Amino acid sequence: MNLSALITPKNLVTAAVLIVLGLMPVLTTVFDQPFYLDIATRIVILAVAAASLNLILGFGGMISFGHAAFVGIGAYAVGIPIYYEYYSGFLHFPLAIAVSALFALVTGAISLRTKGVHFIMITMAFSQMIFFLFLSLEEYGGDDGLLIWSDSELFDGLALDDPSTFYYVCFVSLVGVLLLLHRIVNSRFGRVIRGAKSNEKRMSALGYPTYRYRLVAYVISGALCGYAGALMGNFTNFISPDMMGWGRSGELIFMVVLGGSGSIIGPVYGVLSFLLLEEFIPDVMDLFADGAGVYWHLPFGIILLLVVLFVRGGISGFLNRLTKR
Amino acid sequence: MESALLITQLLNGLQLGILLFLVAAGLTLIFGIMDFVNLAHGSFYMIGAYICGTLVYLLDSFVLAVILAVPLTLVVGYVAERLVARSIYARDHLDHVLATFGLILIFDTGVHLLWGAEGMSIPLPDWLQGQVAFSSTIEVPSYRLAIIAVGLAVALGLFLVVTKTRIGMLIRAGASNRTMVQALGIDIKNLFSLVFAAGAAIAGLAGMMISPITEASIGMGNDIIIVAFVVIIIGGIGSIKGAFIGALIVGMIDTLGRSYLDQLFKLVMSDQNAETAAPAISAMLIYILMAAILAVRPQGLFPPKVR
Amino acid sequence: MRKSLIAVLLGTVVTASPALAQDDPIKIGFVTSLTTPAAVIGFEMKNAAELAMEHIGGEMGGRKAEIIFEDDGFTPATGKQSTDKLLKQDKVDFMTGFIWSHVLLASSKAILDNGTFLISANAGPSQLAGKGCHKNFFNVSWQNGQPAEAMGAVLNQMGVKSLYLMAPNYASGKDQTGALEGAYNGEIKGKDMTKWGADAQLDFSAELAKAKASGAEAIWIFYPGKAGNAFIQQYVQSGVADTMPLYSVFTLDSISLPKLQDAGLTGVLGARETLQWSPDMDNPATKKFVADYKAKHGAYPSYYAQQAYDAIMLIKSAVDAVGGDLSDQDAVRAALEKADFDSLRGDFKFGNNHFPIQDFYLREVVADEDGRWTTKIVSKVTEDAVDSYASECKM
């Protein structure tokens with residue numbers, strides 16, 4: 001493989017995105033715009049969640065309409081121990097991963113017996129159950145949500161309440177998750193998952209227990225989303241059942257599709273564009289007419305529609321087509 | 001006294017179920033025949049309510065407003081089908097979900113721009129404002145009885161259309177075997193448009209019926225659409241009968257849960273916690289039922305006759 | 001009002017020399033509901049805050065002042081995100097607005113940790129009135145439970161023997177029902193807490209049937225905004241109105257009354273609520289405010305508007321007192337504590353927990369001379385009321 005083959009539009013964009021994301025704490029300090037570090041942090045955390053969802057959605061063909069539940073579980077796994085004054089991140093993060101993996105195992109074992117639209121609906125049903133469960137928990141705030149008074153404590157010298165430090169923890173997590181997903185997708189396991197997406201009968205005929213493979217993929221995806229949730233809990237310092245509503249799950253799916261579900265890096269583009277649109281459409285509209293920003297859902301909805309109608313393969317697919325040309 | 005309350009609550013549950021049925025009927029047909037997941041179906045529920053509300057103030061007659069608003073909602077549904085839905089029937093469910101999610105945002109903001117954020121209250125004529133007393137202790141608002149009557153009439157009408165007419169035959173055939181209908185040289189596109197627009201109009205009718213009770217407001221369709229999906233999954237996608245029974249089951253669970261669950265919970269937890277937990281848990285019950293049905297009998301309770 | 005990234009970047013480049021702090025405008029961040037059906041309340045507050053700015057010529061302590069409005073989307077998570085933006089991007093000097101207690105509770109930590117003054121123009125959650133009181137937190141409305149306490153006193157006085165309670169299931173709903181249960185001596189026959197938020201429950205058929213069957217003498221509710229209208233429509237339609245009189249707090253106001261009038265629910269005329277203010281209040285500030293608000297928006301202002309107006313006037317009084325120099329926080333705080341402004345409700349002072357000490361009135365729904373429904377003060381219920389959490393505040 002020669003070097004020039006690597007210089008494709010997609011790789012250039014990926015490199016640029018990762019470099020800019022990597023430099024965000026520096027850039028926001030230089031321009032004295034700490035708020036944009038907030039946006040960047042949110043982007044990076046949601047990118048972890050979206051990339052995890054993409055493992056089953058893009059590569060496995062399992063459309064989960066309930067992944068926000070895992071993010072919520074992860075966040076509550078930080079919030080509830082802190083409520084009882086257990087501050088150690090060595091408790092929070094493993095707990096977030098373990099509980100969401102367990103939830104994924106139980107719900108996945110049932111959900112994966114169904115296919116197609118039934119799978120979409122049953123995953124939504126499970127996430128709604130969790131949503132209403134937390135709504136009913138008066139002790140942890142119910143609908144009012146739970147304020148997280150402290151950040152998870154890790155090593156001395158790694159203070160998560162410092163925005164730049166926290167950002168780098170998230171950024172390194174994202175890079176780690178992307179590398180992990182890359183390895184999974186390209187392993188034998190990943191090939192079975194991908195094969196089962198396009199032709200499950202063939203994979204079964206070849207002797208692969210596809211149900212079990214899919215379940216493992218579902219659990220990995222849920223656990224990683226739970227980890228993203230634990231980061232989210234530390235970031236927002238506030239959690240409420242609202243984080244796990246079906247609308248949030250829908251947003252996660254949209255981020256994946258917008259970025260391109262066929263690629264590892266796609267969801268990162270998706271989250272990036274989604275949050276930047278969400279942030280700046282109202283601003284741009286306000287420039288034209290003061291107060292028009294509250295109607296930002298209109299152009300946003302139109303963009304969403306146009307992407308579905310005309311942009312196959314999302315941003316990543318678009319970049320790939322540039323390469324092939 | 002206790003049985004009187006139970007009967008009242010059963011009537012309340014029936015009314016909620018009927019309303020859910022009106023939304024679910026179109027949804028299940030569109031889903032069953034076109035294999036199209038339409039999250040924006042709830043938007044017609046909202047749009048119907050707003051159109052009707054506007055007409056009530058113009059014409060000063062609720063009944064006349066409803067009669068005019070139904071065909072107007074049908075037109076909105078028809079336009080949405082031609083402009084958006086038609087071009088993505090052939091795509092996968094993921095694209096349906098996303099495109100119609102986009103439609104929801106567009107419809108919601110459109111209503112916000114046209115009618116403002118404050119919602120719209122809709123006055124009822126005097127003859128619908130009162131109550132009907134079945135006994136000294138069982139007294140039901142006449143308007144809720146009117147909803148039940150209208151809903152049952154629509155259900156009966158739909159049932160007759162689907163079972164007795166040529167269009168109904170095509171719809172049934174479409175729900176169980178799409179390619180067959182196409183192969184027969186039927187103009188499937190027009191059939192799709194018709195079903196989509198009629199479904200929108202019936203959902204709009206439901207919105208018109210509820211808004212004198214809760215007011216018309218932005219996003220009112222988004223609350224009901226997910227429950228409507230639960231209904232059609234329970235009943236079996238593509239089945240009018242399934243949608244009807246599914247809607248009644250969900251309506252009853254929700255109403256009875258809100259009525260009695262807190263008393264049950266008070267036996268095992270503090271009053272405060274019971275009052276918080278009961279409504280949430282009763283909302284959870286319908287999802288538990290749905291997941292159970294999907295896991296054991298994914299085709300639903302009353303799937304359309306198998307191909 | 002908001003700055004785009006482009007404008008920020010351009011601004012950074014163009015104004016190469018940093019401007020003197022004194023030349024910058026005083027910035028007030030205002031978080032309220034601008035989307036969802038709750039936007040009807042949010043815009044009412046926005047209108048009133050803008051009217052206040054007109055009245056003071058957009059000037060505070062010799063400096064230009066500006067308000068930056070952000071949406072809370074009727075959910076704590078979105079409200080907190082908007083708060084973070086105002087603090088970090090706009091670097092506001094004061095934070096105000098906040099209709100909803102749960103939104104305020106979710107946002108307050110970030111604001112107070114940032115050392116920014118927080119003046120709630122509506123929400124008055126018990127958590128911030130008692131043990132969680134804070135030197136930089138002020139409230140210009142009430143502690144959530146206060147009007148309900150006043151209503152409890154009214155009900156005792158009237159000899160109402162039993163009640164059925166209904167309220168939304170969120171921080172303020174819990175405060176309100178708790179306060180009423182504390183102040184009311186009669187029997188509570190039953191209570192329902194219903195789902196709140198953007199997907200709030202609006203059909204109360206099951207609850208009304210329970211209320212009717214409970215045998216309670218009267219029904220008491222707290223349903224601000226849209227849910228209140230829905231409730232009252234159903235209360236009348238179900239016939240419960242014929243047997244159980246309605247007592248409420250924060251439900252009948254100039255937001256709900258025009259719509260109830262549209263719907264022809266004459267049963268509401270004569271209904272009574274307890275509150276600290278009413279548009280017919282007899283003082284010059286209120287007369288001017290109500291006249292100008294009506295001229296501009298064609299409707300009576302609600303108490304949300306009154307409180308938002310007061311919040312801006314309180315901020316102005318403090319900024320004026322320190323001559324526009326906000327560098328000495330203690331001086332600003334001392335000025336805020338003095339509350340040296342013409343509150344629309346007349347007498348106004350802060351207690352030890354920075355919540356108002358004020359009078360509460362019984363208001364009645366009436367038609368004005370143009371036939372428009374509004375509220376009128378019937379009598380004073382409590383004088384110089386101190387909220388019941390003030391003693392828990394160690395400040």
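Calculation criteria
Note that residues are indexed from 1 along each chain, following the sequence as it is written. Each chain is given a letter, starting from A, and each ligand a number, starting from 1, according to the order in which they appear as written. Only residues with pLDDT of at least 70 get local features here, since the model is predicted, and only at 80 or more are side-chain atom pairs given and counted; chain-wide, interface and lining totals rely on the full set of residues. Side-chain figures throughout are based on the complete set of non-hydrogen atoms in the structure, without hydrogens or water. Segments assigned H or I by DSSP are reported as helices when at least four residues long, segments assigned E as strands when at least two residues long, and all are numbered from the N terminus. Radius of gyration here is computed from C-alpha atoms only, and the compact-globule reference equals 2.2 Å multiplied by the residue count raised to the power 0.38. Working definition: with a 1.4 Å probe on protein chains only, accessible area under 20% of the residue-type maximum means buried, over 50% means exposed, and in between means partly exposed. To measure how exposed things are, a 1.4 Å probe is used in the Shrake-Rupley method; for residues, cover is taken only from the protein chains shown. By the counting rule applied here, Lys and Arg register as positive and Asp and Glu as negative, while His and the ends of each chain are not counted. Each charge is placed at NZ for Lys, CZ for Arg, CG for Asp and CD for Glu. The score called pLDDT rates the predictor's confidence residue by residue, from a low of 0 to a high of 100. Contact definition: two residues touch when any of their heavy atoms are within 4.5 Å. Accessible area that two parts lose when put together, with a 1.4 Å probe and added across both, is what the buried area reports. Here, a salt bridge means any side-chain nitrogen of Lys or Arg that lies within 4 Å of a carboxyl oxygen of Asp or Glu. In protein, a polar contact means a hydrogen-donor-capable atom and an acceptor-capable atom, both N or O and within 3.5 Å, with residues adjacent in sequence counting only if both atoms are side-chain atoms; elsewhere, any N or O pair within 3.5 Å suffices. Multiplying 1.5 Å by the residue count of a helix minus one yields the expected span of that helix. Bend, in this description, refers to the angle at a residue between axes fitted to the seven residues ending there and the seven starting there. At least two DSSP bridges between two strands are needed for those strands to be called paired. Inter-axis angles, ranging from 0 to 180 degrees, are taken between N-to-C directions of lines fitted to C-alpha atoms, where helices are fitted over the stretch in contact. Comment on the angle field: the value is read as roughly parallel under 35 degrees, roughly antiparallel over 145, roughly perpendicular from 65 to 115, and oblique elsewhere. The sense of a crossing depends on the near helix, which, turned anticlockwise from the far helix by less than a right angle, makes the crossing left-handed and, turned clockwise, makes it right-handed. Think of it as three bins: nonpolar holds Ala, Val, Leu, Ile, Met, Phe, Trp, Tyr, Cys and Pro, charged holds Asp, Glu, Lys and Arg, and polar takes everything else, Gly as well. A domain assignment, automatic or from a database, supplies the domain bounds used here. For this text, the term disulfide refers to a pair of cysteine sulfurs within 2.5 Å.

Undergrad: Quick one: what's the story with the overall build of chain C, residue by residue and with numbers?
TA: Looking only at helices and strands, chain C features 14 helices and 14 strands. Relative to the compact-globule value of 21 Å for 395 residues, chain C shows a C-alpha radius of gyration of 21 Å, a close match. Considering only C-alpha atoms, chain C reaches an extent of 75 × 40 × 40 Å along its principal axes. By residue count, 66% of the 395 residues in chain C fall in the buried class. Total accessible area on chain C stands at roughly 12600 Å², and carbon and sulfur atoms take up 52% of it. Distance from the positive charge centre (37 side chains) to the negative charge centre (48 side chains) of chain C: 3 Å.

Undergrad: I'd like a rundown of the confidence of the model for chain C, residues and numbers included.
TA: With 94% of its residues at a pLDDT of at least 70, chain C reaches an overall mean of 88. The low-confidence segment residues 1–20 of chain C (pLDDT under 50) makes 23 contacts with residues lying over four places distant or belonging to another chain.

Undergrad: Break down the interface of chain B and chain A for me, with residues and values.
TA: Between chain B and chain A, the residue contacts involve 39 residues of the former and 37 residues of the latter. Carbon and sulfur atoms make up 82% of the area that chain B and chain A hide from each other, which totals about 3800 Å². A per-residue breakdown of the area chain B buries against chain A is headed by L94, L98 and Y287 of chain B, which together make up 16% of the total. Counting every contact that joins chain B to chain A gives zero salt bridges. At the boundary of chain B with chain A, the tally comes to six residue pairs in polar contact (both at pLDDT 80 or more). Elements represented by at least two residues in the side of chain B that touches chain A include exactly α3 (62–88), α4 (93–115), α10 (220–235) and α12 (271–296) of chain B. Looking at the side of chain B that touches chain A, the element that brings in the most residues is α12 of chain B, giving 14 residues.

Undergrad: So what's going on with helix α3 (residues 34–59) of chain A? Residues and values would help.
TA: All names here are of chain A. Look at α3: 36 Å from first C-alpha to last across 26 residues, which is about the 38 Å you get at 1.5 Å a residue. Along α3, the helix axis deviates most sharply at L53, where the bend reaches about 35 degrees. For α3, a buried count of 25 out of 26 residues is recorded, marking the element as mostly surrounded by other parts of the structure. Two residues or fewer after α3 comes G61, characterised by a positive phi angle close to 70 degrees.

Undergrad: Explain the sheet that holds strand β2 (residues 59–60) of chain C to me, using residue names and the numbers behind them.
TA: All names here are of chain C. In spatial order, the strands read β2-β3-β1-β4-β5-β6; together these six strands make up an open sheet with mixed pairing. Bordering the open sheet on either side are β2 and β6 (137–139), each of which pairs with just one other strand. Taken together, the four bridges between strand β1 (residues 26–32) and strand β4 (residues 94–97) define a ladder with parallel strand orientation. Looking at the pairing, G29 lines up with M95 of β4. On top of the sheet, helix α4 (residues 101–113) reaches β4, β5 (117–120) and β6; it is set at about 155 degrees to β5, its chief contact. This element, helix α14 (residues 329–338), spans β4, β5 and β6 of the sheet and lies at about 15 degrees to β5.

Undergrad: Lay out the packing of helix α11 (residues 246–259) of chain A against α4 of chain B with the relevant residues and their values.
TA: For the pair α11 of chain A and α4 of chain B, interaxial distance at closest approach is 11 Å and the crossing angle is 115 degrees. Between α11 of chain A and α4 of chain B, the angle is such that the two are roughly perpendicular. Two packed elements cross with a definite hand, and for α11 of chain A against α4 of chain B that hand is left-handed. Contacts between α11 of chain A and α4 of chain B involve W246, G247, I253, F254 and V257 of chain A from the first element and L94, L98 and F101 of chain B from the second. Tallied by class, the residues present in the contact of α11 of chain A with α4 of chain B amount to seven nonpolar, one polar and no charged.

Undergrad: Go over the side chain of S205 of chain C with me, naming the residues and quoting the values.
TA: Of note, S205 of chain C is situated in helix α8 (residues 205–214). Setting aside residues no more than four positions away along its own chain, S205 of chain C makes contact with Q9, N12, R144 and R258 of chain B together with Q234 of chain C.

Undergrad: Can you break down the domain arrangement of chain C residue by residue, with the values?
TA: Residue and element names in this part refer to chain C. Each assigned domain of chain C is listed with its residue range as follows: domain 1 (5–142 + 282–354) and domain 2 (146–275 + 360–392). Placing a centre on the C-alpha atoms of domain 1 and another on those of domain 2 gives a separation of 28 Å. Domain 1 puts 29 residues into the contact, and the matching count from domain 2 is 27 residues. Of the roughly 2300 Å² buried between domain 1 and domain 2 on both sides combined, carbon and sulfur atoms contribute 62%. Ranking the residues of domain 1 by area buried against domain 2 places W142, Y300 and Y303 at the top, with a combined share of 28%. Seen at the junction of domain 1 and domain 2, the total is one salt bridge. Across the pair K131 and E392 runs a salt bridge whose closest N-O atoms are separated by 3.9 Å. Where domain 1 touches domain 2, the interface holds eight residue pairs in polar contact (both at pLDDT 80 or more).

Undergrad: Account for the interface of chain C and chain B, with residues named and values stated.
TA: Frequently, the measure chosen for interface size is the accessible area that the parts lose on association. At the interface, 36 residues of chain C touch 39 residues of chain B. Interface of chain C and chain B: buried area, both sides summed, is about 3000 Å²; carbon and sulfur atoms make up 47% of it. Sorting the residues of chain C by area buried against chain B places K210, Q237 and K259 of chain C first, and these three jointly supply 20% of that buried surface. Applying the counting criterion to the chain C and chain B interface returns five salt bridges. D203 of chain C serves as the salt-bridge partner of R144 of chain B, at 3.0 Å between the closest nitrogen and oxygen. Between the two partners, chain C and chain B, sit 17 residue pairs in polar contact (both at pLDDT 80 or more).

Undergrad: So what's going on with the state of the cysteines? Which residues, and what values?
TA: This model, assessed by the stated rule, comprises one disulfide over all chains. Between C133 of chain C and C393 of chain C runs a disulfide, and the two sulfur atoms are separated by 2.1 Å. Looking along the S-S bond of the C133 of chain C-C393 of chain C disulfide, the torsion reads about 85 degrees, which is the right-handed sense. Residue C133 of chain C is found in the loop between α5 (126–129) and β6, and its partner C393 of chain C is found in the segment after β14 (373–385); the two are separated by 260 residues along the sequence. Each member of the pair C133 of chain C and C393 of chain C is classed as buried. With no disulfide of its own, C170 of chain A lies closest to C225 of chain A among cysteine sulfurs, the gap being 14 Å. Taking the relative accessible area as the measure of exposure, C170 of chain A reaches 0% and is therefore buried.

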